[in-house]
Amino acid sequence: PKLDVRFDVAELVRRVPLFAGLPAERVTTIATLLRAQLALPGETIVRKGDRGDAMFFIASGAVEVLVPNLAEPVKLGTGDFFGEMALLTRQRRNADVRALGYCQLLVLDEKDFRRLVQKDADLRSHIQAVAEARRQPTQSS
Ligand code: CMP
């Protein structure tokens, strides 16, 4: 069961470096596309093998990514994002992602993701570059 809590989404958006440098009206527009979600400690947010229908930005807190071929989970924190790979490759989720404590997330649904990256080439290439680095077995983030 997902707990829906109201946050000031625009305030949370500014914590994500990817968005922080954007003009205020862009932030406002992006904020309308994002949905705030609170993840509980230990909650599995993304499950390996599932179909991907959204990506997630961490506005506060931390998650661990259980990458199948890595001995240690990869930790992601405030400002990081995850769940982008399934959207970019149209393949299934490649890892479990679990909340390490209470986590304020910003959820971007697939259709909004496609619209956003279609309009913003810089945003698209940034997300793609991060996904590319994560695909390399020696890199962790
Ligand atoms: P996705 O495949 O949609 O769902 C699982 C997510 O875990 C994936 O997108 C990435 O966001 C993230 N992920 C997978 N591998 C790594 C990695 N090596 N380092 C950091 N994050 C990863």
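Just above, that's the structure.
Since this is a predicted model, take the numbers as computed values, not measurements.

Scoring rules and cut-offs
- Residues numbered from 1 in each chain as written.
- Predicted model: local features only at pLDDT ≥ 70, side-chain atom pairs only at ≥ 80, totals over all residues.
- Heavy atoms only, no water.
- Buried < 20%, exposed > 50% of the residue type's maximum accessible area, 1.4 Å probe, protein only.
- Helix = DSSP H or I, 4+ residues; strand = E, 2+ residues; numbered from the N terminus.
- Arc of directions from axis to C-beta.
- Contact = heavy atoms within 4.5 Å.
- 1 Å grid on protein atoms, 1.4 Å probe; cavity = no way out; pocket = protein on both sides within 12 Å on 5 of 7 lines; lining within 4 Å.
- Points joined across faces, edges and corners; volume = space filled by probe spheres on them.
- Nonpolar A, V, L, I, M, F, W, Y, C, P; charged D, E, K, R; others polar.
- Pairing = 2+ DSSP bridges.
- Axes fitted to C-alpha atoms, helices over the stretch in contact; angles between N-to-C directions.

Please clarify how helix α3 (residues 24–33) should be interpreted in this entry.
Each turn of an α-helix holds 3.6 residues, which means side chains three or four residues apart point in the same direction. Of the positions making up α3, those classed as buried are V27, I30 and A31. Taken down its axis, α3 places every buried residue within 105 degrees of arc, on the same side. Residues of α3 that are exposed and point more than 90 degrees away from the buried face comprise E25 and T32. The elements touched by buried residues of α3 are α1 (9–13), α2 (17–20), β1 (34–39) and α5 (110–119).

When you look at the layout of surface pockets in this model, what are you seeing that I'm missing?
Which parts of space are left empty comes out when a probe the size of a water molecule is rolled across the atoms. The computed volume of the second largest pocket comes to approximately 190 Å³. Around the second largest pocket, the lining comprises 15 residues; the ones closest to its centre are I45, V46, D53, F56 and R93. Of all elements in the fold, only β1, β2 (44–46), β3 (54–60) and β8 (103–109) reach the threshold of two or more residues within the lining of the second largest pocket. The element that contributes the greatest number of residues to the lining of the second largest pocket is β2, accounting for three residues. For the lining of the second largest pocket, a count of residues per class yields five nonpolar, two polar and eight charged.

Any chance you could explain the sheet that holds strand β7 (residues 96–99) here in plain terms?
In sheet architecture, strand pairing relies on hydrogen bonds along the backbone and comes in two forms, parallel and antiparallel. As summarised here, the arrangement of the four strands in space is β2-β7-β4-β5, forming an open sheet in which the pairing is antiparallel. Here the strands that pair on one side only, and so sit at the sheet edges, are β2 and β5 (74–77). Sheet twist, expressed as the average angle between the axes of neighbouring strands with direction ignored, equals 35 degrees. The sheet contact formed by strand β4 (residues 62–66) and β5 spans four bridges and is antiparallel. Looking at β5, one finds that E64 is bridged to K75.

Is there a simple way to explain the environment of A54 in this structure?
Examined against the element boundaries, A54 turns out to sit in strand β3. Sequence separation of A54 and V13 is 41 residues, and the distance between their C-alpha atoms is 16 Å. Here A54 is in contact with G83, L87, R93, V107, L108, D109 and E110, once residues within four sequence places are set aside.

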